[in-house]
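Structural features, examined
If you want the building blocks of each chain, they are given just below.
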Amino acid sequence: MTRLKRTQAFYCVILCVIGICLLLAGPVFGAPVKKPANKAVEGADPGVTADAAVLMDVATGDILFSKKADKQRPPASTTKIMTAILGFELGRPDEIVTVSDKAAAVGESTIYLDPGEKIALYELITGALVRSGNDACVAIAEHIAGSEEQFVELMNRKALALGAQNTHFVNTNGLPRKEHYSTAYDLALMARYGLQIPQFVSITRLKETEIHFIEPDVFMDVRNTNKLLWNYPYADGIKTGTTTAAGKCLVASATKEGRQLLVVVLNAPDRFGDAKKLLEWGFQNTETVRLAAAGEVIGKFEHITKPVQVLTTDPLDVSVKKADLKKLEKRIEWEKPTNLPICAGDRLGRLEVWMGEKKLNSVPLISENGVEEKSFLKTIISFNS
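These numbers were taken from a predicted model, which means no experiment stands behind them.

**Focus: the overall build of the protein**
Tallying secondary structure elements over the protein gives eleven helices and 16 strands in all. Burial status across the protein gives 45% buried among its 385 residues. Of all intrachain contacts in the protein linking residues separated by at least 6 positions in sequence, the fraction that spans at least 24 positions is 60%. For the protein, the exposed surface amounts to about 20200 Å²; the carbon and sulfur share of it is 54%.

In structure tokens form, the structure reads like this:
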């Protein structure tokens, strides 16, 4: 073969290779381009790795997403949410606590308490929430209730009072015990309550802080175990939890454009990823709407001779998926019997908001003014005369 023919053959091979590559790289010019199907449907419920999860609107308490929300599971150190709540409600932050031998002996995650040390109650609560100190929880309990066992009884009573009916505590810190359990929904209820306590809020949002011991006079640097505070700009609390039995758990809150959401993920291999995904999904695909303002005149109570206007005592707000806003329906349910007299401010019924067969929320309806019984009698006399 001559040099010319070899050269021509070489270029033919090169052109063929280029042609094949172009065919593999993309469609022929002018042919319709086929795009891959988008599997992430807008507004669809997000998938999470957690065994159980809940997303709640903090202002309304409405559940926006749930997965096995009532399944009883070990809560690990998310238990400390309730310990901190009672610490603030039953004690004063500046009370001085003397550490007992029992508290100092508690192991695993600790703030390294020693017997006889003195420390303010506020510092112990900080150690429990930020550093997840198991020993700090026992010291809090003993100071307030005399023993951890008596304090745990108070924890269970408080849980029931908040509506957490599937929760039972055995200790203050969440160390594994057979009869120590809660649910994603119950933890959301407790966390939402905790977010009403300003000192609870200020502590759980700290990335790093110091714990001050009084005797001896020393400081300890502590770093929050909630990594969401670093990698999600809207995060502002609350508590992590990890044990072999519970897996990786997280209760977290975030505020965006004035709206605060709360997420709970239990036994979640990717707890911080799950929490961020659920929170973002909630901010993007759900909305809080006001259906009635406080003091708004809703209608008239007409089951008497002289109808009276009724108004709401509180705002009526609900949080739902944006796609469900048109499904909301307001209903009035009357409660007051038709007898007189009626005084201004008497409760006559309630304004309810429904979506299909589910009632989402309600507020009381009260009379704007009174109707005396004698007015009713005068009407009868006038009618008979």
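There is more to say after this.
**Some thoughts on the sheet that holds strand S1 (residues 52-57)**
Remark on secondary structure: sheet strands pair via backbone hydrogen bonds, oriented parallel or antiparallel. Across the sheet, which stays open at both edges, the five strands sit in the order S2-S1-S9-S8-S7 with antiparallel pairing between neighbours. The open sheet has two edge strands with one neighbour each: strand S2 (63-67) and strand S7 (235-243). Taking each pair of neighbouring strands and ignoring which way they run, the sheet shows an average axis angle of 5°. In this sheet, strand S8 (residues 247-256) lies alongside S7 in antiparallel orientation, the contact comprising eight bridges.

**Examining the layout of surface pockets**
Put simply, the largest pocket is a space of about 300 Å³. Residue lining of the largest pocket: 15 residues in total, with Ile63, Leu64, Met355, Lys358 and Leu360 positioned closest to the centre. Secondary structure elements with two or more residues in the lining of the largest pocket: S2, strand S13 (316-321) and strand S16 (358-367). Top element by residues in the lining of the largest pocket is S2. It accounts for four residues. When its residues are assigned to classes, the lining of the largest pocket shows six nonpolar, three polar and six charged.

**A closer look at the packing of aromatic side chains**
Counted by the stated rule, this structure contains five aromatic pairs. Ring geometry for phenylalanine 65 against tryptophan 281: centres 6.3 Å apart, planes inclined by 65°, an arrangement best described as edge-to-face. In this pair, phenylalanine 65 sits in strand S2 while tryptophan 281 sits in helix H10 (residues 271-285), placing the two residues 216 residues apart along the sequence. For the residue pair phenylalanine 65 and tryptophan 281, the accessibility class agrees, reading buried in each case. Aromatic pair phenylalanine 301 and tryptophan 334: ring centres 5.1 Å apart, planes at 70°, arrangement edge-to-face. Of the two residues, phenylalanine 301 sits in strand S11 (residues 297-301) while tryptophan 334 sits in strand S14 (residues 328-334), which places them 33 residues apart along the sequence. Relative accessible area serves as the criterion here: at 1%, phenylalanine 301 is assigned to the buried category. Given a relative accessible area of 30%, tryptophan 334 falls into the partly exposed group.

**Topic: the confidence of the model for the protein**
Model confidence for the protein is summarised by a mean pLDDT of 87, while 84% of its residues fall at 70 or above. Predicted confidence is poor over residues 375-385, with pLDDT under 50, and the contacts of this stretch with residues over four places away or in other chains come to two contacts.

About the criteria used
- Residues numbered from 1 in each chain as written.
- Predicted model: local features only at pLDDT ≥ 70, side-chain atom pairs only at ≥ 80, totals over all residues.
- Heavy atoms only, no water.
- Helix = DSSP H or I, 4+ residues; strand = E, 2+ residues; numbered from the N terminus.
- Buried < 20%, exposed > 50% of the residue type's maximum accessible area, 1.4 Å probe, protein only.
- Contact = heavy atoms within 4.5 Å.
- Areas by Shrake-Rupley, 256 points an atom, 1.4 Å probe, with all protein chains shown as cover.
- Pairing = 2+ DSSP bridges.
- Axes fitted to C-alpha atoms, helices over the stretch in contact; angles between N-to-C directions.
- 1 Å grid on protein atoms, 1.4 Å probe; cavity = no way out; pocket = protein on both sides within 12 Å on 5 of 7 lines; lining within 4 Å.
- Points joined across faces, edges and corners; volume = space filled by probe spheres on them.
- Nonpolar A, V, L, I, M, F, W, Y, C, P; charged D, E, K, R; others polar.
- Phe/Tyr/Trp six-rings, centres within 6.5 Å; stacked < 30°, edge-to-face > 60°.
- pLDDT = per-residue confidence, 0-100.

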